[in-house]
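If you want the building blocks of each chain, they are given just below.
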Amino acid sequence: IKTMKLLEVFFFFLSVVSIDQRLLPVVDAAATKIGSSLVTPAKSNSLTGSKKTLKSTKQKKKSSSAISSSCLTERGGSTMAVTEPKAGLPDTAKLLIGAGGIYTAFLYYGGSTMAVTEPKAGLPDTVKLLIGAGGIYTAFLYYGSLQEDVFRYVAADGGKFTEAWLLQVLEALANVVIGFLGMQLNGPTKGIPLKMFGISGAAQVSAKACTSLALANGLSFPVATLAKSGKMAPVMAGSLLLGGASYSVREYLQVAAIIGGTAVVSMGKKKGGSQTNSALGVFYIVLSLALDGVTAGFQKKLKVETAKAGVKPKPYDFMFYTNLFMLLTALPIALCTGQLFGGSAYLIANPEIMTKVMKFAACSAFGQSFIFYTISHFDPLVLSTVTTTRKIFSVLLSIFLKGHSLSSTGWLGICMACSGILSEMQSKLTGKKNHVH
């Protein structure tokens, strides 16, 4: 339990400081208070076991309340004390990251306490949710921003980075390293059927590569992100054609709103905007959506196969083996297409973009770790809520910071797509609550 508490303090420190380094004194004070609660009082013959338990519980509650009060007080009064701009992301981006994580955590936690699978010892569930949501927001908002920067970069000679498969090699490699370390710390699961991991990993890396190829061929990041939010469309189409499934009118309207809104955004850029959407970019994002549907089917079959084998892979088992086969798929493709050496030469010749690519891969790996942290403490529906709202903030962050100029029609499309995304999230939350009750 002490080890888990220390890890939670570390992840809390990492996520909060990466959002805004001005909170360092607050985190330090909070970590000190949590650390003091780890000291177990010496045994005393004059105290019964029940009195010790009651005293320990009161101390934990008092410590949790003190931390929350300290963070709110310090944060509320710190904005006026800043006199110099900080290096890194602009304050607008930091505000979106911080507000997004807090908004998501309290939106879900305030409306659905049924999502917590079981009470855990250690930090309060509210703090755990803030750690998970804050980490996911921080890692993947920066991940998306870096991905856009990579494919919009223009070298001094006018050359651009288009080696999407090399990018997937580096991203998968970072995830394999973190996944392996996590698997060793938690203990690997034996007897895992690797065949379905291989198929699922190959389909998943292909979908991610197609998204990168869409960006490399001129599709704007907001359009690509909104389009990827409509991945339910190919899943529904496949289920209707192959499985004979049926869907409600609301589900059809949700998908239509996302797809229609994305189409409106793609046509709603002002004249003289910084980027146009090419037909080839649209083709790649559609192909990516189709591969998402295929990946979802293979992942379901993977769960069935592991259940038949009588094994239950741990989160880092999934992370390691999935990314291992993603790496084994992307590496030969990058080699055969010449992207491995050509892309590497481009990165060496342009250190600025190499730094962005390395950060991109690191954000992917640490973001996955926060995802598994969230899954380990909460129902998967909580994760769905966090990742869904994160996509909306990614789109807004890109529009405000990357020079995407939208007309009123484009903003109408943003509203349409976001309404479909939020409606899908709300229907999942409602369905889960009704199922629990």
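All of these numbers come straight from a predicted model, not from anything done at the bench. (Residues numbered from 1 in each chain as written. Predicted model: local features only at pLDDT ≥ 70, side-chain atom pairs only at ≥ 80, totals over all residues. Heavy atoms only, no water.)

Each helix and strand counted, the protein has 16 helices and zero strands in total. Residues counted as buried form 46% of the 437 residues belonging to the protein. At a minimum sequence separation of 6, the contacts of the protein that also span at least 24 residues come to 86%. (Helix = DSSP H or I, 4+ residues; strand = E, 2+ residues; numbered from the N terminus. Buried < 20%, exposed > 50% of the residue type's maximum accessible area, 1.4 Å probe, protein only. Contact = heavy atoms within 4.5 Å.)

At a closest axis distance of 7 Å, the pairing of helix α6 (residues 164–186) and helix α12 (residues 315–336) adopts a crossing angle of 155°. Relative to α12, the element α6 lies roughly antiparallel. Pair α6 / α12 crosses with left-handed handedness. Across the contact of α6 with α12, the residue classes break down as 20 nonpolar, six polar and one charged. (Axes fitted to C-alpha atoms, helices over the stretch in contact; angles between N-to-C directions. Parallel < 35°, antiparallel > 145°, perpendicular 65-115°, else oblique. Left-handed = near helix turned anticlockwise from the far one by under 90°. Nonpolar A, V, L, I, M, F, W, Y, C, P; charged D, E, K, R; others polar.)

What follows concerns the pattern of salt bridges. Throughout the structure, instances matching the rule amount to five salt bridges. Taking the shortest distance from any N to any O, the salt bridge between R152 and E148 comes out at 3.3 Å. Note that R152 and E148 are positioned in helix α5 (residues 125–152) at a spacing of four residues, about one turn of the helix. R152 sits in the partly exposed class, given a relative accessible area of 29%. For the salt bridge of K402 with D149, the shortest nitrogen-to-oxygen distance reads 2.7 Å. On the criterion of sequence distance, the pair formed by K402 in the loop between α15 (380–401) and α16 (408–436) and D149 in helix α5 is long-range, its members being 253 residues apart. Of the two residues, K402 and D149, neither departs from the other in class, the shared state being buried. Residues joined in a network through salt bridges with shared partners are D149, K356 and K402. (Salt bridge = Lys/Arg side-chain N within 4 Å of Asp/Glu carboxyl O.)

Next up on the list: the confidence of the model for the protein. Here the protein averages 74 in pLDDT, while 65% of its residues score no lower than 70. Counting interchain partners and residues more than four positions distant, the pLDDT-below-50 stretch residues 1–24 has 40 contacts. (pLDDT = per-residue confidence, 0-100.)

If you look at the biggest cluster of nonpolar residues, it comprises 80 residues, and the most contacted ones within it are I136, F151, F161, W165, L226, I353 and I414. With 11 residues, α5 is the single largest residue contributor to this core. Residues within four places of F161 in sequence aside, it is in contact with V150, F151, Y153, L166, L167, G343, Y346, L347 and I353. (Core = buried A, V, L, I, M, F, W, Y, C linked by side-chain atoms within 4.5 Å.)

The terminal C-alpha atoms of helix α7 (residues 194–216), which comprises 23 residues, lie 32 Å apart, in line with the 33 Å expected from a rise of 1.5 Å per residue. The buried count for α7 comes to 17 of 23 residues, which makes it a mostly enclosed element. (Expected span 1.5 Å × (residues − 1).)

Another point: the packing of aromatic side chains. Taken as a whole, this structure holds 12 aromatic pairs when the rule is applied. With a centroid separation of 5.7 Å and 70° between ring planes, the pair formed by Y137 and F393 is classed as edge-to-face. One end of the pair, Y137, is in helix α5; the other, F393, is in helix α15, and 256 residues separate them in sequence. With a centroid separation of 6.0 Å and an interplanar angle of 50°, the aromatic rings of F151 and F161 are classed as tilted. Taken as a pair, F151 in helix α5 and F161 in the loop between α5 and α6 lie far apart in primary sequence, 10 residues in all. (Phe/Tyr/Trp six-rings, centres within 6.5 Å; stacked < 30°, edge-to-face > 60°.)

The subject of this paragraph is helix α11 (residues 279–308). The first and last C-alpha atoms of α11 sit 44 Å apart over 30 residues, in line with the 44 Å expected at 1.5 Å per residue. Every buried residue of α11 is listed here: G281, Y284, I285, S288, L289, D292, G293, T295, L302 and T306. A positive backbone phi angle near 75° is found at G310, which sits one or two residues after α11.

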